[in-house]
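# Examination of the molecular architecture
The primary structure of each chain is shown beneath.
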Amino acid sequence: RSESLNYMASRGYIERGDFAKEMEVKGCNALASCVVYDAISQGKGGVVSPVVYEDKLEVYRSGISNGVGGDVVASSFVGDLNGFLAVKVGAFFGLVFCLFIDFAFIANAGIEGWLK
């Protein structure tokens, strides 16, 4: 559970910092904790809905407890990480596109200013 004092934490949302603290208390690797949180959040911010959090954990746990092995868990986890990467790459390309448009406007204004 979240220990933060903000609005989202008071509504039960899980924050990245609280998740990392909880995993550190349990003795988990900090990098692995960040990767798991990124897979659960799918790159959509620093907080995760408790419903999404429980659903993702249930998928990860059910593959192990049903005896189907790590293939289901691994494929689900990899799919979640790929979703995270797709969101981040899409945001990066959106930023690059916006910067390109800005530089084009600046260059156009500079050229027009130089020619007058």
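Up top you'll find the structure we're talking about.
### Quick look at the nonpolar core
In this structure, Ile14, Phe19, Met23, Tyr37, Ala39, Ile40, Val48, Tyr53, Leu57 and Tyr60 together form the largest nonpolar core, which totals 10 residues. Looking at this core, the elements that each hand over two or more residues are helix H2 (16–25), helix H3 (30–41) and helix H4 (50–65).

### Looking at H3
The α-helix advances 3.6 residues per turn, and as a result positions three or four apart in sequence lie on the same side. For H3, which comprises 12 residues, the first-to-last C-alpha distance of 16 Å matches the rise-based estimate of 16 Å (1.5 Å per residue) to within 8%. When H3 is considered as a whole, its buried residues turn out to be Ser33, Tyr37, Asp38, Ala39, Ile40 and Ser41. Sitting at the amino-terminal end of H3 is Asn29, which places a side-chain oxygen 2.8 Å from the backbone nitrogen of Leu31. Among the residues trailing H3, Gln42 stands out with phi positive, at a value near 55°.

What counts and what doesn't
- Residues numbered from 1 in each chain as written.
- Predicted model: local features only at pLDDT ≥ 70, side-chain atom pairs only at ≥ 80, totals over all residues.
- Heavy atoms only, no water.
- Core = buried A, V, L, I, M, F, W, Y, C linked by side-chain atoms within 4.5 Å.
- Buried < 20%, exposed > 50% of the residue type's maximum accessible area, 1.4 Å probe, protein only.
- Helix = DSSP H or I, 4+ residues; strand = E, 2+ residues; numbered from the N terminus.
- Expected span 1.5 Å × (residues − 1).
- Polar contact = N/O pair within 3.5 Å; in protein donor to acceptor, adjacent residues only side chain to side chain.

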